[in-house]
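Residue-level listing of the chains:
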Amino acid sequence: MTGHIAPNAPATPMSAGQQVLQATGLTRRFGGLIAVNNVSFEVRRGEIFGLIGPNGAGKTTLFNLMTGLTPPSSGTLTFGGKDITGFAPHRVAGLGIGRTFQNIRLFKILSALENVKVAQHARTGAGLLQGLTGRDRAEERLVDERAWALLDLVGLANRAGEEAGNFSYGDQRRLEIARALATQPQVLLLDEPAAGMNTSEKGELTGFIRRVRDEYDLTVMVIEHHVPLVMNLCDRVAVLNFGELIAVGDPASVQKDPKVIEAYLGG
Ligand SMILES: Nc1ncnc2c1ncn2[C@@H]1O[C@H](COP(=O)(O)OP(=O)(O)OP(=O)(O)O)[C@@H](O)[C@H]1O
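These notes cover the structure that comes with them. Since the model is a prediction, treat every value here as computed from it, not as a measurement.

Below, the discussion takes up the overall build of the protein chain. In terms of regular secondary structure, the protein chain is built from ten helices and ten strands. Within the protein chain, the fraction of its 267 residues that count as buried is 42%.

As structure tokens, this is what we get:
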């Protein structure tokens, strides 16, 4: 593939299986509600790490804590051994943690290609206008080449000129992933990537996420309600319930855990 984007170089080189992210006692209160309660876990380099739990369990809040969108009430988060607790979203993104959102956040009136290009310029510090007009020709050519490569990866290169708002949910979610990859992450956080997808799109998602992980040398965290997909896709799964982490482990053991069955999976 041409125009492959090298992932961010970590501050300290990390090898497969080594811890990339570490949450220690992460807690977030909203008034009297504890949305995330003293959560500790680690994510290892190269793994696909699932996050499941009932509605309102705190999954998206945990992603928001990990990407700087919401500051924690207490606890710490390290990335590649560096303490990033309380860092603003642009700093977290700049260090190499990219994400997609549960509610799709594409620029609906921009084309697929423009959406990816804007994200690349956001990474290089240029604003939206510069993102669309470019700063110099050499850089613009590189940005263009990378954007096409990303659209190719997510299967949308033949629709590069179409407005994002016209795409199906499944295509919009794939475009969001291309846009997140344009920020050159080492870790990619996917918030409900299968939401709104039809059965065949869901069926293709596992292979697609694995391919993206392999091709871009990523670590992936994924929130997903579709249990068969999570169990098939993930190397390890964490389960939240009322803000608390009630289980972490490989899919088979998590599925058998009585606490998880009672809270989420049902009898
Ligand atoms: N900004 C906020 N202000 C107040 N309460 C919030 C805020 N964000 C989240 N909450 C509350 O925190 C709890 C956890 O919400 P969160 O969205 O993280 O859960 P979730 O597991 O992602 O749910 P879902 O599966 O439905 O998306 C919920 O009770 C929610 O209402």
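Another point: the site of the ligand. Lining the immediate environment of the ligand, one finds Phe 30, Leu 33, Ala 35, Gly 53, Asn 55, Gly 56, Ala 57, Gly 58, Lys 59, Thr 60, Thr 61 and Gln 102. With three residues, helix H1 (residues 59-66) is the largest single contributor of residues to the shell around the ligand. Taken together, the residues of the shell around the ligand break down into four nonpolar, seven polar and one charged.

Bringing helix H10 (residues 258-265) into the picture now. Along H10, the residues classified as buried are Val 260, Ala 263 and Tyr 264. One side of H10 holds all its buried residues, which, seen down the axis, span an arc of 80°. For H10, exposure combined with an orientation more than 90 degrees from the buried face picks out Pro 258 and Glu 262. Next to the buried residues of H10 lie strand E3 (48-52), strand E9 (236-241), strand E10 (244-249) and helix H9 (251-256). Directly beyond the C-terminal end of H10, a positive phi value near 80° is found at Gly 266.

Let us look at the sheet that holds strand E2 (residues 33-44). Pairing in this open sheet of four strands is antiparallel, and the strands run E2-E1-E4-E5 from one edge to the other. Each of the sheet's edge strands pairs with one partner strand only, and the pair in question is E2 and strand E5 (82-83). Seen against the sheet, H1 touches strand E1 (19-30), E2 and strand E4 (74-79) and runs at an angle of roughly 65° to E2.

With that settled, the discussion passes to the sheet that holds strand E8 (residues 219-223). Pairing within the open sheet is mixed, and its six strands lie in the order E6-E7-E8-E3-E9-E10. One side of each edge strand has no neighbouring strand; the edge strands of this open sheet are strand E6 (97-99) and E10. Put simply, the sheet's adjacent strands are angled 20° from each other on average, direction ignored. Across four bridges, E3 lies against E8 in parallel orientation. Residue Leu 51 lies in a different strand from E8, and its bridge partner there is Ile 223.

For an α-helix the count is 3.6 residues per turn, leaving residues at separations of three or four pointing the same way. End to end, helix H5 (residues 137-153) covers 24 Å across 17 residues, agreeing with the expected 24 Å (1.5 Å per residue, within 8%). Among all positions in H5, only Val 143, Arg 146, Ala 147, Leu 150, Leu 151 and Leu 153 are buried. Considered in projection along H5, the buried side chains sweep an arc of 150° and stay on one side of the axis. Facing away from the buried surface of H5 by more than 90 degrees, the exposed residues are Arg 137, Ala 138 and Arg 141. Gly 155 occupies a position one or two residues after H5 and carries a positive phi of about 75°.

About the cut-offs
- For every chain, the first residue of the written sequence is number 1, and numbering continues from 1 along that sequence.
- Confidence filtering applies because this is a predicted model: local features only for residues at pLDDT of at least 70, side-chain atom pairs given and counted only at 80 or more, and all residues used for totals across whole chains, interfaces and linings.
- Helical segments are the DSSP runs of H or I of at least four residues, strand segments are the runs of E of at least two, and each set is numbered from the N terminus.
- Exposure criterion: with C-beta atoms placed from backbone coordinates, a residue whose C-beta has 20 or more other C-beta atoms within 10 Å is buried, one with 12 or fewer is exposed, and one in between is partly exposed.
- Nearness rests on one distance test: the residue's C-beta atom, set from the backbone, must lie within 6 Å of the molecule or strand.
- All residues other than Ala, Val, Leu, Ile, Met, Phe, Trp, Tyr, Cys, Pro, Asp, Glu, Lys and Arg, Gly among them, are scored as polar; the first ten of these are nonpolar and the last four charged.
- Directions are taken from the helix axis to each C-beta atom, and the arc is the one they span.
- Two residues qualify as being in contact provided that their C-beta atoms, derived from the backbone, are within 7 Å of each other.
- Here, a strand pair is defined by DSSP locating no fewer than two bridges between the strands.
- Interaxial angle, 0 to 180 degrees, is taken between N-to-C directions of lines fitted to C-alpha atoms, where a helix line uses only the stretch in contact.
- Helix span, as expected, comes to 1.5 Å for every residue beyond the first.

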